[in-house]
Amino acid sequence: MKRVQVIDSHTGGEPTRVVVSGGPNLGQGTVADQLKIFREHHDQFRSAVVNEPRGSDVLVGALLVEPSDKSCVAGVVFFNNVGYLGMCGHGTIGLIVALAHMSRIKPGDHRIETSVGIVTATLHPDGRVSVRNIPSYRKAKAVVVEVAGIGPVTGDVAWGGNWFFLVENYGQQLNLSNVENLTDHSWRIRQAVNAKGFPEVDHVELFGPPTSAGANSRNFVLCPGKAYDRSPCGTGTSAKLACLAADGKLAEGETWVQESIIGSVFTGHYRRDGDNILPTITGTAFVNGESTLVLNEEDPFCYGIR
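Thresholds applied
- Residues numbered from 1 in each chain as written.
- Predicted model: local features only at pLDDT ≥ 70, side-chain atom pairs only at ≥ 80, totals over all residues.
- Heavy atoms only, no water.
- Helix = DSSP H or I, 4+ residues; strand = E, 2+ residues; numbered from the N terminus.
- Rg over C-alpha atoms; globule rule 2.2 N^0.38 Å.
- Buried < 20%, exposed > 50% of the residue type's maximum accessible area, 1.4 Å probe, protein only.
- Contact = heavy atoms within 4.5 Å.
- Areas by Shrake-Rupley, 256 points an atom, 1.4 Å probe, with all protein chains shown as cover.
- Lys, Arg positive; Asp, Glu negative; His and termini not counted.
- Charge placed at Lys NZ, Arg CZ, Asp CG, Glu CD.
- Phe/Tyr/Trp six-rings, centres within 6.5 Å; stacked < 30°, edge-to-face > 60°.
- Polar contact = N/O pair within 3.5 Å; in protein donor to acceptor, adjacent residues only side chain to side chain.
- Right-handed = clockwise from strand over helix to strand, strands pointing away.
- Pairing = 2+ DSSP bridges.

> Describe in detail the overall build of the protein chain, supporting the description with residues and values.
Looking only at helices and strands, the protein chain has five helices and 17 strands in total. Computed over the C-alpha atoms, the radius of gyration of the protein chain is 19 Å, within 12% of the 19 Å expected from 2.2 N^0.38 for a compact globule of 306 residues. Looking at the 306 residues of the protein chain, the share that counts as buried comes to 57%. Counted over contacts in the protein chain with a minimum sequence separation of 6, partners at least 24 positions apart contribute 62%. For the protein chain, the accessible surface area stands at approximately 12,700 Å², while carbon and sulfur atoms represent 48% of it. Taking the average location of the 27 positive side-chain charges in the protein chain and that of its 31 negative ones, the two points are 1 Å from each other.

Given below as structure tokens:
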């Protein structure tokens, strides 16, 4: 039997499972190199951690690894029910709160090495976490796709650490009771966007009017494995800020408040970096579990239901 120590948390309702010990040996390379080894040789471990019967479609895993950049307090590989994530905003907030829970860090700035670059996270004394994300940008504006069963849909393709297709007009009610239809709608849009020539897009983000006082927008984000993001999505909010900046709708340093489909919020702002922006996303996470996962080779579902 193999034992894996994990800490569970949620950020705005979206769960993160940090693997503290018991993970595979991924060598001494960069986090990008370690992710490659993880994907090619240890993918069953990914499935064991986040898929049923131990996990669920919505769970995001965060494997703590040794950073190649020694100025970083940690390296992390993010993964979900179907694969791997370059960066994860809510997951970084959850990781920082988990490290604080383990007394590995105190309030202040902490550099984290991810597979797509180094991000800096600030743990505030009140428990909030601000993540200064990697450079973000809009790749294509007003892309029109013909969606099966829906018709033409227009949106922007943008990078915020993951690839997004962002849509504001989609003909659906943006509320929790409509999640099933929103999921189907977004999944159809993703297939059309991929077929249009953007195969890298694996997140779809729908926007609408907010319901929380002080929020600027409400969103529904469909993740790669067809689960929706309970949080406002950190990388998705970064992509949104990139689009707003490109359109001149949000000034440098101005605050944007993004509400999720369940009502949780992130605040964000950016500074310019040439043609890109450098977004900062702030949110709160709470540790809600410490446990030991047991991987028993005699269990027919030891490595998850895939």
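Resuming the write-up.
> Residue-level account of the packing of aromatic side chains, with values.
To describe a pair of aromatic rings, one takes the distance between the centres and the angle between the planes. This structure, assessed with the given rule, holds six aromatic pairs. When the centroid spacing of 5.8 Å and the interplanar angle of 85 degrees are considered together, the rings of Tyr137 and Trp163 count as edge-to-face. Here the residue Tyr137 occupies a position in strand β9 (residues 137-147), and Trp163 occupies one in strand β11 (residues 163-167), the gap between them amounting to 26 residues. You can call Tyr137 partly exposed: its relative accessible area is 29%. Judged by relative accessible area, Trp163 falls into the buried class, the value being 15%. For the ring pair Trp159 and Trp163, a centre distance of 5.3 Å and an interplane angle of 55 degrees mean the geometry is tilted. Here Trp159 matches Trp163 in class, with each residue buried.

> Could you give an account of the side chain of Asn219, naming the residues involved and the relevant values?
Considering the arrangement of structural elements, one finds Asn219 in strand β13 (residues 217-222). Here Glu205 takes part through its side chain, which lies 3.1 Å from a polar atom of the side chain of Asn219. A distance of 2.8 Å separates a polar atom in the side chain of Asn219 from the backbone oxygen of Pro232. Dropping the residues within four chain positions of it, Asn219 is found in contact with Leu174, Glu205, Leu206, Phe207, Ser231, Pro232, Gln258, Glu259, Ser260 and Ile261.

> Tell me about the pairing of strand β14 (residues 256-259), residues and numbers included.
Residues of β14 alternate between two faces, with Trp256 and Gln258 on one and Val257 and Glu259 on the opposite face, all of them buried. In the classification by handedness, the crossover that spans β13, the intervening helix α5 (residues 234-246) and the parallel β14 is right-handed. Sheet topology note: the β14/strand β15 (residues 265-273) ladder contains four bridges and is antiparallel. When the sheet's bridge partners are listed, Trp256 is paired in β15 with Gly268. As consecutive antiparallel partners, β14 and β15 are separated by five residues, and within that stretch Gly263 has a phi angle of approximately 100 degrees, a positive value.

> So what's going on with the pairing of strand β2 (residues 14-21)? Residues and values would help.
When you tally the buried positions in β2, you get six out of eight residues, the bulk of the element. Sheet analysis places strand β1 (residues 2-11) next to β2, joined by seven bridges and oriented antiparallel. Across the sheet, the residue bridging to Gln5 is Ser21, located in β2. As consecutive antiparallel partners, β1 and β2 are separated by two residues, and within that stretch Gly12 has a phi angle of approximately 60 degrees, a positive value. As judged from the four bridges shared by β2 and strand β3 (residues 60-65), these two strands associate in the parallel manner. By the bridge assignment for β3, Val18 is matched with Ala62.

> Just give me the short version of the environment of Gly236, but keep the residues and values in it.
Within the secondary structure, Gly236 sits in helix α5. Overall, the relative accessible area of 0% leaves Gly236 in the buried class. Taking the C-alpha atoms as reference points, Gly236 and Gly108, 128 residues apart in sequence, are found 25 Å from one another. Those residues within four positions of Gly236 in sequence are excluded, and the remaining contacts are Phe164, Leu166 and Glu205.

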